[in-house]
Amino acid sequence: LAEVTSSVENRTHRVPGVTARAVVNYMLRNPFPGDHGAAFANIRPHYRLSLDVGDNGRLCRVEDVGVSIRFVVTLPVAVDRERMSSRVRAAWDGFASFARRHEETHKQSYLSCARAFVSNARAATATSCSDLRTEVREMFNEARRSCEARQRPFDRQQSVAVRRLTLFDMAGY
């Protein structure tokens, strides 16, 4: 049976500046347009559902189901990193590492949601294959919506945590 597969397309959000204040001010004034507003980094999942069903005479059952997710991950990159002081560079690196971990956590959450969907979809049956296809697609859409809603509380918690990083402290925020 098909499983959950994924790939990642990495993109960058270029951030100029050599001081903590300059890079933080730039990011606040020129944020990445995230899915739910201004962001320092972002991950966008693009899904593809594969589904095969079969009729055994009485019931239609899922024979194969899979989800492929292509993640587009955008992370901040310091344009002037080499010109930063060692203290600012270390603070930037801490921030960049935080952003990478944040987006990786989202990725793992999306994959977990997809695996749960596949498990649930495998158990689905219907009296007609047309009805089963419709039911599984509705399950898929609901799983995507539910998973997206699951990301928001994490983002709210992390938006507080990011402001406590050394880079933001050095910038006076």
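What you see is a predicted model; the values in this text were computed from it and never measured.

Side note on the overall build of the chain
Point 1. Counting secondary structure elements, the chain contains four helices and six strands.
Point 2. Written out in order from the N terminus, the α and β elements of the chain read β-α-β-β-β-β-α-β-α-α.
Point 3. Over its C-alpha trace the chain gives a radius of gyration of 21 Å, far above what one expects of a compact globule, namely 16 Å for 173 residues.
Point 4. Along the longest, intermediate and shortest principal axes, the C-alpha atoms of the chain span 70 × 25 × 20 Å.
Point 5. Of the contacts made within the chain by residues no fewer than 6 positions apart, 71% connect residues no fewer than 24 positions apart.
Point 6. As displayed, the chain has an accessible area near 9,600 Å², and 47% of this comes from carbon and sulfur atoms.

Remarks on the nonpolar core
Point 1. Counting residues in hydrophobic clusters, the biggest one holds 28 residues, and the most contacted among them are Val62, Phe117, Leu132 and Val136.
Point 2. The contact partners of leucine 132, leaving out residues within four places of it in the chain, are Val53, Cys60, Arg61, Val62, Ala124, Thr125 and Ala126.
Point 3. Within the second largest apolar cluster, 20 residues are counted, among which are Val24, Phe40, Trp92 and Phe98.

Concerning the packing of helix H2 (residues 86-122) against helix H3 (residues 129-162)
Two measures define how a pair of helices packs: the angle their axes make with one another and the distance between the axes.
Point 1. Axis separation between H2 and H3 bottoms out at 10 Å; the angle between their running directions is 155 degrees. Considered as vectors, H2 and H3 are oriented roughly antiparallel to each other. Here H2 and H3 pass one another in a crossing that is right-handed.
Point 2. Partitioned by chemical class, the residues of the contact of H2 with H3 number 14 nonpolar, eight polar and three charged.

Comments concerning the pattern of salt bridges
Point 1. As enumerated under the stated definition, the model contains eight salt bridges in all.
Point 2. Notably, a salt bridge pairs arginine 81 with glutamate 82, separated by 3.2 Å at the nearest N-O pair.
Point 3. Via salt bridges that share partners, Glu9, Arg11 and Arg70 belong to a single interconnected network.

Structural notes on the packing of aromatic side chains
Point 1. Inspection of the entire model under this criterion finds seven aromatic pairs.
Point 2. Seen from their ring centres, phenylalanine 40 and phenylalanine 95 are 5.7 Å apart, and the 85 degrees between their planes marks the pair as edge-to-face. Placement of the pair is phenylalanine 40 in the loop between strand S3 (37-39) and strand S4 (42-55) and phenylalanine 95 in helix H2, with a sequence separation of 55 residues.
Point 3. Relative to phenylalanine 140, the ring of tyrosine 47 has its centre 5.9 Å away and its plane inclined at 85 degrees; by these criteria the two rings are edge-to-face. Linking tyrosine 47 in strand S4 with phenylalanine 140 in helix H3, this pair joins segments that are 93 residues apart in sequence.
Point 4. Chaining the aromatic ring pairs together yields one cluster made of Phe40, Trp92, Phe95 and Phe168.

A short note on the environment of phenylalanine 40
Point 1. Judged by its relative accessible area of 18%, phenylalanine 40 falls in the buried class.
Point 2. Put simply, phenylalanine 40 and asparagine 56 are 16 residues apart on the chain and 52 Å apart in space, counted from C-alpha to C-alpha.

Criteria and cut-off values
Residues numbered from 1 in each chain as written. Predicted model: local features only at pLDDT ≥ 70, side-chain atom pairs only at ≥ 80, totals over all residues. Heavy atoms only, no water. Helix = DSSP H or I, 4+ residues; strand = E, 2+ residues; numbered from the N terminus. Rg over C-alpha atoms; globule rule 2.2 N^0.38 Å. Contact = heavy atoms within 4.5 Å. Areas by Shrake-Rupley, 256 points an atom, 1.4 Å probe, with all protein chains shown as cover. Core = buried A, V, L, I, M, F, W, Y, C linked by side-chain atoms within 4.5 Å. Buried < 20%, exposed > 50% of the residue type's maximum accessible area, 1.4 Å probe, protein only. Axes fitted to C-alpha atoms, helices over the stretch in contact; angles between N-to-C directions. Parallel < 35°, antiparallel > 145°, perpendicular 65-115°, else oblique. Left-handed = near helix turned anticlockwise from the far one by under 90°. Nonpolar A, V, L, I, M, F, W, Y, C, P; charged D, E, K, R; others polar. Salt bridge = Lys/Arg side-chain N within 4 Å of Asp/Glu carboxyl O. Phe/Tyr/Trp six-rings, centres within 6.5 Å; stacked < 30°, edge-to-face > 60°.

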